[in-house]
Structures are given as C-alpha cells and as structure tokens.
Amino acid sequence: HLLEALRNDELDFYVGDVRLADTDAELHVEPLYACRFGWFARRDHPLQGRRTLSIHEVLRYPLIAPGFIGLEAERRFLRLYGLTGSMLERFTLQCAEVGMVQGVLKGTDAIVPAIELTMQDELRAGNVVSLDVSPALEGELILGIVQRARRTQAPAAERAFDSVRQYFASLD
C-alpha cells in the first residue's frame, strides 16, 4: 500500500488518490485532477448515440468490472440505480488490467463503468464512446501528489512533480 510505504519512509512521494491522506498532518497533499466517471462501449455499439439510457438497457449487455469494487462502492451503485442483490454477479468479467479491459471492450458489445481518464486515449482515437446513462455514474477520486510534510525533495522529484502537474493540466 502506497500510503503505508510513504509513512514508513520507503517512498518519498506517490501520485494517486489524495483523499486517503488529506487529513494527515504528517503528509502534504497537492490535489491535481478530479476524475469523472462514466459508462463506455466500443465505437458503433448498439447503444451509441442513444439519449438517456436506463440501467436496464445497459444491463442487457455484458458488463466489465474494471478492477476491485469495494463494498461501499457496490452499495452506492445499487442505490443509485435502484437495484438489489449482488452487483458483482452482474459483471461478466472483472479485470484490473486497463489494456485487457480496453481490448475486450473494443472487440465485443460489453460495457464498462470506469474512470474517464482510463479511457482517454481510446476516446480520443474514436475506438470507444461514452454512453449517456441516467442517472450519471457517481464517484469520487481526486488524483495528486502525496508526500511527507516538511521535507525537502531532491531536484529530480521536483522535476517529476512538474511533469505530473503538466500532464493533469493538459487533461482539462
């Protein structure tokens, strides 16, 4: 776990979810990018271009779970869409490897709820489209730099920070 490694001085910093560390006085947090969530499918998917899709229309297609889904996220999902039962049983595939998820998505009629950032390149290339599902998928993930407070970083780390800042600034 990155936060634990940082606290144990095994890391000087990490780039990740800042919410895990934003109340810790021993850590300095620099939020850089608030992630948006959405529903994604391959270009020319049967649901592409349809307005205000219901979850029931989406559930007619195989779903991909992109990585681990915690109990709280599962509850939020079920409440948001008025569903009951197990959310995980609704997914045909659960996979944390982004490249694999994108490959399956592009080659099938599967649909994936995901962070837009993980689909950015495929969206720009026109291989993947965002679906208009209502209500919109909710989630909270804020990416940024987390480091120990009151520590001087090496010049190389500062250059890395600048690169990370520029990358996230280019996404907006």
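Please refer to the structure higher up on the page.
I will try to describe carefully the structure that is included in this document. Only a predicted model underlies this, so the values are computations on that prediction, with no experimental measurement involved.

**Overview of the overall build of the protein**
Thinking step 1. Helix and strand content of the protein: six helices and eight strands.
Thinking step 2. The helix and strand sequence of the protein, counted from the amino end, reads α-β-β-β-α-β-α-β-α-β-α-β-β-α.
Thinking step 3. The principal-axis extent of the C-alpha atoms belonging to the protein is close to 55 × 35 × 25 Å.
Thinking step 4. Burial statistics for the protein: of 172 residues in total, 41% are counted as buried.
Thinking step 5. Pairs at least 24 residues apart make up 73% of the contacts formed inside the protein by residues separated by at least 6 positions.
Thinking step 6. Averaging the locations of the 19 positively and 25 negatively charged side chains of the protein gives two centres separated by 4 Å.

**Concerning helix α5 (residues 116-125)**
Helical geometry note: an α-helix holds 3.6 residues per turn, so side chains three or four residues apart project in the same direction.
Thinking step 1. Every buried residue belonging to α5 is among Leu117, Met119, Gln120 and Glu122, and all of these are buried.
Thinking step 2. Downstream of α5 by a residue or two, Gly126 has a phi angle that is positive, lying close to 80°.

**Points about the state of the cysteines**
Thinking step 1. Enumeration according to the criterion identifies zero disulfides in this entry.
Thinking step 2. Of the cysteine sulfurs around Cys35, a residue in no disulfide, the closest is that of Cys95, at 19 Å.

**With respect to the sheet that holds strand β2 (residues 27-34)**
Thinking step 1. Pairing is antiparallel in the open sheet, where three strands are placed in the order β1-β8-β2. Because the sheet does not close on itself, it has two edges, and the strands there are β1 (13-17) and β2. Between one strand axis and the next, the sheet turns through 20° on average, direction left out of account.
Thinking step 2. Contacting β1, β2 and β8 (142-148), helix α6 (residues 155-171) runs over the sheet at an angle of about 30° to β2.

**What to know about the pattern of salt bridges**
Pairs can form between side chains of opposite charge whenever their charged atoms are close.
Thinking step 1. Overall, the coordinates contain 15 salt bridges when judged by the stated rule.
Thinking step 2. Measuring nitrogen to oxygen at the nearest pair gives 3.5 Å for the salt bridge that ties Arg75 to Glu72. Pair noted here: Arg75 and Glu72 are both in helix α3 (residues 71-81), with a separation of three residues, about one helical turn.
Thinking step 3. Looking at Arg75, the relative accessible area reads 37%, which means it is partly exposed.
Thinking step 4. Arg165 serves as the salt-bridge partner of Asp162, at 2.8 Å between the closest nitrogen and oxygen. Taken together, the positions of Asp162 and Arg165, both in helix α6 and three residues apart, correspond to about one turn of that helix.
Thinking step 5. With a relative accessible area of 39%, Asp162 lands in the partly exposed category.
Thinking step 6. Looking at Arg165, the relative accessible area reads 26%, which means it is partly exposed.

So, how was this worked out
Residues numbered from 1 in each chain as written. Predicted model: local features only at pLDDT ≥ 70, side-chain atom pairs only at ≥ 80, totals over all residues. Heavy atoms only, no water. Helix = DSSP H or I, 4+ residues; strand = E, 2+ residues; numbered from the N terminus. Buried < 20%, exposed > 50% of the residue type's maximum accessible area, 1.4 Å probe, protein only. Contact = heavy atoms within 4.5 Å. Lys, Arg positive; Asp, Glu negative; His and termini not counted. Charge placed at Lys NZ, Arg CZ, Asp CG, Glu CD. Disulfide = S-S within 2.5 Å. Pairing = 2+ DSSP bridges. Axes fitted to C-alpha atoms, helices over the stretch in contact; angles between N-to-C directions. Salt bridge = Lys/Arg side-chain N within 4 Å of Asp/Glu carboxyl O.

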